Amino acid sequence: MIEFYREKSVFTREEIIEILKDDTKNQWLFSLADKVRQENVGDSVHLRGLVEFSNICKCDCKYCGLRKSNSNADRYRILKDEIIEIVKHASDMGYKTIVLQSGEDGYYTTDKMVEIIKAVKEFDVALTLSIGERSYEDYKAFKDAGADRYLIRIETTDSELYKQMHPNMDYDNRIRCLKNLRKLGSEVGTGCLVGLPNQGIESLADDILFFKEIEADMVGIGPFIAHPQTPLKDRPNGSFTLALKVMALTRIMLPDINIPATTAMETLNPNGRIIALQSGANVVMPNITSQKYRAKYEIYPNKICINDSPDKCRNCIGTKIESIGRTVATNYGFSHNRG
Ligand code: SAH
């Protein structure tokens with residue numbers, strides 16, 4: 001199989017399934033993804049500073065600690081002035097991309113978001129939003145205000161599983177959101193969870209093909225991690241290796257996109273992000289949220305760095321990246337995909 005696949009850059013659905021099921025060729029897969037990464041997006045690693053600005057959410061995703069039914073969550077909102085302080089500090093530290101992420105919190109109306117976006121864009125940074133499903137008009141307003149990118153994972157392309165995991169949500173609407181963002185010319189990030197209960201290997205292959213079909217600019221893949229205050233509390237965590245394999249295959253199938261080494265990977269493996277950077281990833285999203293809020297944005301338990309400061313995270317990841325012979329990028333890291 002190794003010889004057969006060596007020169008291939010596109011796999012069929014059957015081949016993807018075969019590779020995902022066969023753990024004897026993992027090293028080959030990770031090395032090939034690393035080579036494809038190097039040839040297409042180079043050795044530099046883009047840092048995206050992540051601000052988790054609200055953990056209030058109207059959704060009830062079965063896996064997520066921020067789900068509205070979790071009455072144990074200690075809820076917070078960071079308002080515009082404090083967001084801007086965080087962004088200013090991150091920009092001073094050299095961050096060239098800011099990611100604003102939150103639960104689906106209706107407090108942040110279109111107008112409030114537009115104000116925040118304009119204020120963030122006063123700094124010399126690219127801006128990604130990750131605030132869930134909104135209307136076409138909202139996405140247009142965000143784009144017009146200066147937001148460059150939008151991140152919304154499909155989570156799973158198995159529509160039946162999607163329905164089970166997301167009460168009162170609609171798979172077709174999630175797809176519509178992605179298509180609307182594409183239509184508006186935003187850079188589009190998506191991705192999936194690996195290891196959800198009843199998630200088949202076949203559906204992971206479909207996830208990868210979906211990323212290709214919608215021409216994603218960025219794909220984030222993370223293992224499911226069971227949160228004790230959710231209905232999935234007794235389910236086993238997803239597998240680090242399987243998540244890494246889905247990520248490596250995504251790199252091979254979409255050679256020039258941006259792929260983060262996700263924080264969830266590091267939660268399951270103490271060296272997870274570095275391993276991911278050597279298996280196809282070229283992006284890291286260090287947390288730049290102020291320390292006092294970090295522990296509260298508990299989408300899953302045992303998140304890394306919850307007791308660290310933004311400065312410590314920046315230095316720590318910078319050192320790790322350099323230790324494997326890679327460099328921290330100094331440009332904005334727009335998608336190669338968009339030319
Ligand atoms: N409200 C935004 C942001 C969601 S949080 C949105 O809907 O896009 C960001 C990501 O965390 C989610 O897309 C999901 O894939 C991931 N996540 C949530 N709960 C998780 C868990 N228990 N384990 C691993 N990842 C999880």
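Structure first, text after, so check above.
To keep things clear, this report deals only with the structure shown in the data block. (Residues numbered from 1 in each chain as written. Predicted model: local features only at pLDDT ≥ 70, side-chain atom pairs only at ≥ 80, totals over all residues. Heavy atoms only, no water.)

**Observations concerning the overall build of the chain**
Consideration 1: The helix and strand tally for the chain stands at 14 helices and eight strands.
Consideration 2: The C-alpha radius of gyration of the chain comes to 19 Å, within 12% of the 20 Å expected for a compact globule of 339 residues.
Consideration 3: With respect to the principal axes defined by its C-alpha atoms, the chain has extents near 55 × 40 × 40 Å.
Consideration 4: Counting the 339 residues in the chain, one finds 59% classified as buried.
Consideration 5: Once local pairs closer than 6 in sequence are excluded, the contacts in the chain between residues at least 24 apart make up 74%.
Consideration 6: Counting 46 positive and 47 negative side-chain charges, the chain places the centres of these two groups 2 Å from one another. (Helix = DSSP H or I, 4+ residues; strand = E, 2+ residues; numbered from the N terminus. Rg over C-alpha atoms; globule rule 2.2 N^0.38 Å. Buried < 20%, exposed > 50% of the residue type's maximum accessible area, 1.4 Å probe, protein only. Contact = heavy atoms within 4.5 Å. Lys, Arg positive; Asp, Glu negative; His and termini not counted. Charge placed at Lys NZ, Arg CZ, Asp CG, Glu CD.)

**Some thoughts on unusual backbone geometry**
Consideration 1: Here the phi dihedral of E155 falls at roughly 75 degrees; this positive angle occurs in a residue that is not glycine.
Consideration 2: Position of E155 relative to the elements: it lies in the loop between β4 (149–151) and α7 (159–165).
Consideration 3: Residue E155 is classed as buried on the basis of its relative accessible area, which comes to 10%.

**Structural notes on the state of the cysteines**
Each disulfide consists of a covalent bond between the sulfur atoms of two cysteine residues.
Consideration 1: The final tally for this structure, using the stated rule, is zero disulfides.
Consideration 2: The structure places no disulfide on C59, whose sulfur is separated from the nearest cysteine sulfur, that of C57, by 4.1 Å.
Consideration 3: We classify C59 as buried; its relative accessible area is 9%.
Consideration 4: Of all cysteine sulfurs in the structure, the one in C59 sits closest to C61, which takes part in no disulfide; the separation is 5.1 Å.
Consideration 5: The class of C61 is buried, set by a relative accessible area of 14%. (Disulfide = S-S within 2.5 Å.)

**Concerning the nonpolar core**
Consideration 1: Judged by nonpolar contacts, the single largest core of 104 residues is most densely connected at I98, L100 and F142.
Consideration 2: It is helix α10 (residues 240–253) that provides the largest number of residues to this core, a total of 10 residues.
Consideration 3: Setting aside anything within four residues of it in sequence, one finds I98 in contact with G49, V51, V87, A90, V125, A126, L127, T128 and I288.
Consideration 4: One finds L50, V99, V283 and M285 within the second-largest nonpolar core, a separate group that totals six residues. (Core = buried A, V, L, I, M, F, W, Y, C linked by side-chain atoms within 4.5 Å.)

**Some points on the pattern of salt bridges**
Consideration 1: Following the criterion strictly, the structure yields 27 salt bridges and no others.
Consideration 2: Across the pair K121 and D148 runs a salt bridge whose closest N-O atoms are separated by 2.8 Å. Of the two residues, K121 is situated in the loop between α5 (110–120) and β3 (126–130) and D148 in the loop between α6 (136–145) and β4; the sequence distance between them amounts to 27 residues.
Consideration 3: Its relative accessible area of 18% is what places D148 among the buried residues.
Consideration 4: In this structure, the salt-bridge partner of K312 is D308, at a minimum N-O distance of 3.3 Å.
Consideration 5: Linked through salt bridges whose partners overlap, the residues forming this network are D34, R37 and D43. (Salt bridge = Lys/Arg side-chain N within 4 Å of Asp/Glu carboxyl O.)

Structural measurements only, silent on function.
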